[in-house]
Amino acid sequence: LLKKISIYSRIEAGFFIFYFVVFPFLSDIEYALYEPVYTKYSMSLAEKITHRLVYGIASIPPYLVLYTLLINKLLIKKRYGAFIAAFPLFLLFLNIYKLYGEYWLISQLTFLPQSITRSAEEWFKASTPLHFSIAYVIRETLVLTALAYFIHFIKHEKKMNALRQAKLETDLNYLKAQIQPHFFFNTLNNIYSLAQQQSSQTAELVAQLSHLMRYVIYETNQPKVPLSKEAGFLKNYVAVESVRYN
């Protein structure tokens, strides 16, 4: 299953899990080390871990929407006006999601510790107009934008490398198309001259040319060839050319 998921999707999934779940939990550990008096709603360690897992996972969907629809579809494609126009709609969606998709939903999950459901219910009933921090939203947007540009850069580099490789192969094939007929006809002329002279080299030269052409037609299209065949090709080539250039 993992092989069917692209490397880019795996990078994105790993980043979201680390940034929204693991990183906040590590921050809690740091707070506990440097500020022993710090507690979050008087929770135990198990409750803190559960709290971070629940809220971390719950915070991923809206930012996944931001990353997929706004950043990748608009910002990366340089549709800046559309991105600016869509961002307030995302904030509205985020506010509604935080209220109902996060606080209300978590408050209804009775299998969670009571301290977590109680705090979620308190946040749901809070009279604040915004249920998120503007500063945090800007931070998450900048971080996700950096991730999107990083993935975009990797994809662009991969495409450029593929184009360079294709160009090299095209140039090589074009070069072969130019050299092979020229070499072939010159060698045929040499064989013709040797045949007229009834030279003993004629049969050997025909055999060497046959080996050369067989190698060029059947072997050079393979990604790899044994070094012995390459050495044999060079040996035959030198032998054929030595007829022309003593």
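Residues numbered from 1 in each chain as written. Predicted model: local features only at pLDDT ≥ 70, side-chain atom pairs only at ≥ 80, totals over all residues. Heavy atoms only, no water.

K.L.:
Just to check I follow, could you spell out the packing of aromatic side chains for this structure?
P.N.:
Both the distance between ring centres and the angle between the ring planes are used here to describe each pair of aromatic rings. According to the stated counting rule, one finds 17 aromatic pairs in the structure shown. Between Phe-15 and Tyr-19, the aromatic rings sit 5.7 Å apart at their centres with planes inclined by 5°, giving stacked as the arrangement. In this pair, Phe-15 and Tyr-19 both sit in helix H1 (residues 7-34), 4 residues apart, roughly one turn of the helix. Of the residues examined, Phe-15 reaches a relative accessible area of 25% and is grouped as partly exposed. When the centroid spacing of 5.6 Å and the interplanar angle of 25° are considered together, the rings of Phe-16 and Phe-20 count as stacked. On the criterion of helical spacing, the pair formed by Phe-16 and Phe-20 is a turn pair, its members being 4 residues apart in helix H1. The lysine or arginine in question, Arg-139, covers the ring of Tyr-136, its NZ or CZ lying 4.6 Å from the ring centre. The aromatic ring of Tyr-8 is capped on one face by Lys-155, whose charged end is 5.1 Å from the ring centroid. (Phe/Tyr/Trp six-rings, centres within 6.5 Å; stacked < 30°, edge-to-face > 60°. Helix = DSSP H or I, 4+ residues; strand = E, 2+ residues; numbered from the N terminus. Buried < 20%, exposed > 50% of the residue type's maximum accessible area, 1.4 Å probe, protein only. Lys NZ or Arg CZ within 6 Å of the ring centre and 35° of its normal.)

K.L.:
Got a minute to help me understand the layout of surface pockets in this structure?
P.N.:
Considering only enclosed or pocket space, the largest pocket measures out at about 980 Å³ in volume. Lining the largest pocket are 31 residues, and of these Arg-52, Lys-98, Tyr-136, Arg-139 and Glu-140 sit closest to its centre. With 7 residues, H1 is the largest single contributor of residues to the lining of the largest pocket. Of the residues assigned to the lining of the largest pocket, the class counts are 16 nonpolar, 8 polar and 7 charged. The volume enclosed by the second largest pocket comes to roughly 490 Å³. Along its surface, the second largest pocket is lined by 21 residues, and Lys-176, Gln-180, Val-216, Thr-220 and Phe-233 are the ones closest to its centre. Broken down by secondary-structure element, the contributors of at least two residues to the lining of the second largest pocket are helix H6 (134-196), helix H7 (201-219) and helix H8 (227-244). Looking at the lining of the second largest pocket element by element, the count peaks at 8 residues for H6. Here the residues of the lining of the second largest pocket are counted per class, giving 12 nonpolar, 5 polar and 4 charged. (1 Å grid on protein atoms, 1.4 Å probe; cavity = no way out; pocket = protein on both sides within 12 Å on 5 of 7 lines; lining within 4 Å. Points joined across faces, edges and corners; volume = space filled by probe spheres on them. Nonpolar A, V, L, I, M, F, W, Y, C, P; charged D, E, K, R; others polar.)

K.L.:
Is there a simple way to explain the nonpolar core in this structure?
P.N.:
Burial of nonpolar side chains together is a common tendency in soluble globular proteins. Core analysis: the largest hydrophobic core is formed by 26 residues, its most contacted members being Tyr-63 and Phe-90. Broken down by secondary-structure element, the contributors of at least two residues to this core are H1, helix H3 (60-75), helix H4 (80-107) and H6. With 8 residues, H3 is the largest single contributor of residues to this core. Once residues within four sequence positions are removed from consideration, Phe-90 is found in contact with Pro-62, Tyr-63, Leu-66, Leu-70 and Val-137. Ranked by size, the runner-up nonpolar core spans 10 residues in total, among them Leu-212, Tyr-215, Phe-233 and Val-240. (Core = buried A, V, L, I, M, F, W, Y, C linked by side-chain atoms within 4.5 Å. Contact = heavy atoms within 4.5 Å.)

K.L.:
Sorry, what's going on with H4 here?
P.N.:
In this model, H4 (28 residues) spans 38 Å end to end at C-alpha, consistent with the 40 Å of a helix rising 1.5 Å per residue. The largest bend in H4 amounts to roughly 35° and is located at Tyr-97. (Expected span 1.5 Å × (residues − 1). Bend = angle between axes of the 7 residues up to and from the residue.)

K.L.:
Even after reading the chapter, I still don't get the packing of H7 against H8, so can you show me in this structure?
P.N.:
For any two helices packed against each other, one specifies the crossing angle of their axes together with the interaxial distance. Put simply, H7 and H8 touch, their axes get as near as 9 Å, and they point 135° apart. Accordingly, the angle class assigned to the pair H7 and H8 is oblique. The hand of the H7/H8 crossing is left-handed. Contacts from Leu-205, Gln-208, Leu-209, His-211, Leu-212, Tyr-215, Val-216 and Glu-219 in H7 reach Lys-229, Glu-230, Phe-233, Asn-236, Tyr-237, Ala-239, Val-240 and Val-243 in H8. Taken together, the residues of the contact of H7 with H8 sort by class into 10 nonpolar, 3 polar and 3 charged. (Axes fitted to C-alpha atoms, helices over the stretch in contact; angles between N-to-C directions. Parallel < 35°, antiparallel > 145°, perpendicular 65-115°, else oblique. Left-handed = near helix turned anticlockwise from the far one by under 90°.)

K.L.:
Before we go on, may I ask you to explain unusual backbone geometry in this structure?
P.N.:
Note on backbone geometry: most residues besides glycine have negative phi, and most peptide bonds are trans. Phi angles above zero are rare outside glycine, and Lys-78 is one such case at about 65°. Here Lys-78 lies in the loop between H3 and H4. Among the residues examined, Lys-78 registers a relative accessible area of 61% and is labelled exposed. The backbone of Gln-198 sits at a positive phi, close to 55°, despite the residue not being glycine. Mapping Gln-198 onto the fold places it in the loop between H6 and H7. What makes Gln-198 exposed here is its relative accessible area of 74%.

K.L.:
Just to check I follow, could you spell out the pattern of salt bridges for this structure?
P.N.:
It is possible for side chains bearing opposite charge to pair when their charged atoms get close. Inspection of the entire model under this criterion finds 5 salt bridges. Measuring nitrogen to oxygen at the nearest pair gives 3.2 Å for the salt bridge that ties Glu-102 to Lys-98. Pair noted here: Glu-102 and Lys-98 are both in helix H4, with a separation of 4 residues, about one helical turn. Assigned by exposure class, Glu-102 and Lys-98 land together as buried. (Salt bridge = Lys/Arg side-chain N within 4 Å of Asp/Glu carboxyl O.)

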